[in-house]
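Breakdown of the fold
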Amino acid sequence: MSRISVTGNVVNAQRVDNVTAVLRHRRRFPWLITPTVVFYLIFFGFPLAQMIWQSVWSGKFSLDGYLTFFSEPAYWWMLGYTLLLGIGTMLVVLAIAYPVSFWLITVDRRLAVVLMGLVLIPFWSSGLVRTYAWIVILGREGIVNTLFLQWGLIKAPFPFLGTNFAVVTGLVYYLLPYMILSLYSVMNNIDRNLMLAARSLGASPLSAFCRIFLPLTQPGIFTGCFLVFMLAIGMYITPALLGGPHQTTLPSMIALQIDEALDWSLAAAMSVILLVLTLALQLLAGRFVNLDTMWGGAK
């Protein structure tokens, strides 16, 4: 009995020491993250606070920027078009990236590394350069129109630029690597024996894919869709250069208000509205999806 009592006292003492160490660690200020916190406060927090302040202050407290936005149907149309553009781009990117990612996990690993390098090539150049490349490709005298004219598919150059097709094409090319990386990282960690086991139990290839493989890739699908949608609705360069008057998005209108109308209050109000909408969508996604699992954290 005495030995058991001594052992219990030792265990209790160790627990007390562990709790004390945890509390001491929590009270300790994380000095190592201080430079990061200061950097974000200066280059992100302060400009964000200034933008919010400017949306309600122009010599005096005023909500004219918000009232102008909510009372003008054209701005509502731009907001709706921005959301639809983000959804359409997300769906097209997912439809292209899913089979590509599935194919990458089936090829030889050395070949997959080379192909993944090709996927990452767009990251090696500026977004502005990539957009101008699409202007060269889709222009009236561009590569696509030249080939179509030579093949006799069209009799006159087709005006690709200034259309939804051009904007979505540019966004898909720009955002496709994000979706592929999200899907590939999840697919590559799925045990291939699960599909073989389903097949051995009588499941068809399609049934095994839909009931085994597809559900396991849901974290990658949600992560990729979330990233692509958020980036698409905030994109400015691609819609501005490849689109026309009917493809004006909310970020393009914000730039227009700053550069030409010089209405900083309305531009700041639009920026705050877009920011709040982004945060609301993130909170909404968090109610249906475990965001910690999406980013690779523990559940």
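Residues numbered from 1 in each chain as written. Predicted model: local features only at pLDDT ≥ 70, side-chain atom pairs only at ≥ 80, totals over all residues. Heavy atoms only, no water.

By size, the foremost hydrophobic cluster in this structure holds 40 residues, and its most contacted members are Met 179, Ile 180 and Leu 183. Counting residues per element, the ones that place at least two in this core are helix H4 (73-106), helix H5 (109-119), helix H6 (127-138), helix H8 (164-187) and helix H11 (218-233). With 11 residues, the single largest contributor to this core is H8. Residues in contact with Met 179, not counting those within four places in the same chain, are Met 90, Val 93, Leu 94, Ala 97, Gly 224, Cys 225 and Val 228. (Core = buried A, V, L, I, M, F, W, Y, C linked by side-chain atoms within 4.5 Å. Buried < 20%, exposed > 50% of the residue type's maximum accessible area, 1.4 Å probe, protein only. Helix = DSSP H or I, 4+ residues; strand = E, 2+ residues; numbered from the N terminus. Contact = heavy atoms within 4.5 Å.)

With that settled, consider the packing of H4 against helix H13 (residues 250-261). Two numbers describe how H4 lies on H13: the axes approach to 8 Å, and their chain directions differ by 135°. Taken together, H4 and H13 sit at an angle that is classed as oblique. Judged by residue contacts, Tyr 75, Met 78, Leu 79 and Thr 82 of H4 engage Leu 250, Pro 251, Met 253 and Gln 257 from H13. Of the residues assigned to the contact of H4 with H13, the class counts are 6 nonpolar, 2 polar and no charged. (Axes fitted to C-alpha atoms, helices over the stretch in contact; angles between N-to-C directions. Parallel < 35°, antiparallel > 145°, perpendicular 65-115°, else oblique. Nonpolar A, V, L, I, M, F, W, Y, C, P; charged D, E, K, R; others polar.)

Let's shift gears to the pattern of salt bridges. Tallied over the full model, the rule gives 1 salt bridge. Among the salt bridges present, the one from Arg 110 reaches Asp 108, with a minimum N-O distance of 3.4 Å. Judged by relative accessible area, which is 68%, Arg 110 ranks as exposed. (Salt bridge = Lys/Arg side-chain N within 4 Å of Asp/Glu carboxyl O.)

Further remarks concern empty space enclosed by the protein. Summed over the entire model, instances satisfying the criterion amount to 1 cavity of 30 Å³ or more. The calculated volume of the largest cavity comes to roughly 30 Å³. Contributing to the lining of the largest cavity are Arg 130, Thr 131, Trp 134, Gly 170, Tyr 173, Tyr 174 and Thr 238. Contributing elements (two or more residues each) for the lining of the largest cavity: H6 and H8. Classifying every residue of the lining of the largest cavity gives 3 nonpolar, 3 polar and 1 charged. (1 Å grid on protein atoms, 1.4 Å probe; cavity = no way out; pocket = protein on both sides within 12 Å on 5 of 7 lines; lining within 4 Å. Points joined across faces, edges and corners; volume = space filled by probe spheres on them.)

This part covers the side chain of Thr 238. Mapped onto the secondary structure, Thr 238 falls in helix H12 (residues 237-242). In this view, Thr 238 contacts Thr 131, Val 167, Gly 170, Leu 171 and Gly 243; residues no more than four positions away in its chain are not counted.

The next thing to look at is the packing of aromatic side chains. Using the criterion set out here, one finds 16 aromatic pairs in the structure. On the numbers, 5.2 Å between centres and 85° between planes, the contact of Phe 102 with Phe 213 is edge-to-face. With a gap of 111 residues between them, Phe 102 in helix H4 and Phe 213 in helix H10 (residues 205-216) connect regions that are remote in the sequence. Since its relative accessible area comes to 29%, Phe 102 is described here as partly exposed. Clustering of aromatic rings is evident, with ring pairs tying together Phe 148, Trp 151, Phe 158, Phe 160 and Phe 165. (Phe/Tyr/Trp six-rings, centres within 6.5 Å; stacked < 30°, edge-to-face > 60°.)

Turning next to a nonpolar patch on the surface. Nonpolar side chains collect at one region of the surface, where Leu 32, Ile 33, Val 37, Val 38, Phe 39, Tyr 40, Leu 41, Ile 42, Phe 43 and Phe 44 lie side by side and expose about 1100 Å² of accessible area between them. For Ile 42, the position within the fold is in helix H2 (residues 34-56). (Patch = residues over 30% accessible without salt bridge, like charges linked within 9 Å, V, L, I, M, F, W, Y side chains within 5 Å. Areas by Shrake-Rupley, 256 points an atom, 1.4 Å probe, with all protein chains shown as cover.)

A few words now on H8. Here H8 spans 32 Å end to end across 24 residues, near enough to the 34 Å set by a 1.5 Å rise per residue. Within H8, the axis deviates most sharply at Leu 175, by approximately 45°, and proline Pro 177 lies no more than four positions further along. (Expected span 1.5 Å × (residues − 1). Bend = angle between axes of the 7 residues up to and from the residue.)

Once that is clear, we can look at H5. Buried within H5 are the following residues: Ala 112, Leu 115, Met 116 and Val 119. With its buried residues spanning 105° around the axis, H5 presents them on a single face. Opposite its buried face, H5 presents the exposed residues Arg 110 and Val 113, each directed more than 90 degrees away. Of the surrounding elements, those touching the buried residues of H5 are H4 and H8. (Arc of directions from axis to C-beta.)

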